[in-house]
Amino acid sequence: MLTQIITLVSGCVTFLGGFLVVWGAVSLGLAIREQQGGSQIASAISTIAGGAIIIAAAVYFGMLDTSWLPA
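Starting from 1, residues in each chain are numbered consecutively following that chain's sequence as written. Local features in a predicted model are, by the rule used here, given only for residues with pLDDT of at least 70; side-chain atom pairs are given and counted only at 80 or more, and totals for whole chains, interfaces and linings are based on all residues. Side-chain numbers come from the whole structure's heavy atoms, not from hydrogens or water.

1. Description of the UniProt feature "transmembrane region" (unreviewed entry) in the chain
Point 1. UniProt positions are given in the numbering used here, feature names are shortened, and annotations may be inferred rather than shown by experiment. On the UniProt side, "transmembrane region" (unreviewed entry) is annotated at positions that read residues 6–32 and 44–63 here.
Point 2. The way it works is that DSSP assigns letters per residue, a run of H or I at least four long becomes a helix, a run of E at least two long becomes a strand, and they are numbered from the N terminus. Split by type, residues 6–32 is 100% helix and 0% strand. Its first and last C-alpha atoms lie 39 Å apart.
Point 3. Taken as a whole, residues 44–63 contains 95% helix and 0% strand, while its terminal C-alpha atoms sit 29 Å from one another.

2. Notes on the side chain of Ser10
Point 1. With respect to the helices and strands, Ser10 occurs in helix H1 (residues 2–33).
Point 2. Type-normalised accessible area, obtained with a 1.4 Å probe on protein chains alone, sets the label of each residue: buried when under 20%, exposed when over 50%, and partly exposed for intermediate values. You can call Ser10 buried: its relative accessible area is 10%.
Point 3. Only 2.9 Å separates the side chain of Ser10 from the backbone oxygen of Ala58, close enough to count as a polar contact.
Point 4. Between two residues, a contact is recorded if the distance between any of their heavy atoms is within 4.5 Å. Setting aside chain neighbours within four positions, we find Ser10 in contact with Ala58, Phe61 and Gly62. Here a polar contact is taken to be a pair of N or O atoms separated by no more than 3.5 Å, where protein atoms must pair a possible hydrogen donor with a possible acceptor and residues adjacent in sequence count only if both atoms sit in side chains.

3. Considering the environment of Thr47
Point 1. For Thr47, the location among the structural elements is in helix H2 (residues 38–62).
Point 2. For the pair formed by Thr47 and Ser27, sequence separation is 20 residues and the distance between their alpha carbons is 8.9 Å.

Written out as structure tokens, the structure reads:
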């Protein structure tokens, strides 16, 4: 049961991180196209980096060892 919950949460958080990476990439593309200031570009890069960190955390969370639980 706990393993299924961990898998579900990990999948949802991975999706959220992936969404942030895509959103950041779109924001970065728009900021570059419209030649906006460096703050807009920095914000987009921060969103991409944040999404990547969230994905890494979700992968780590999914690797938690639950073998000690009773069957």
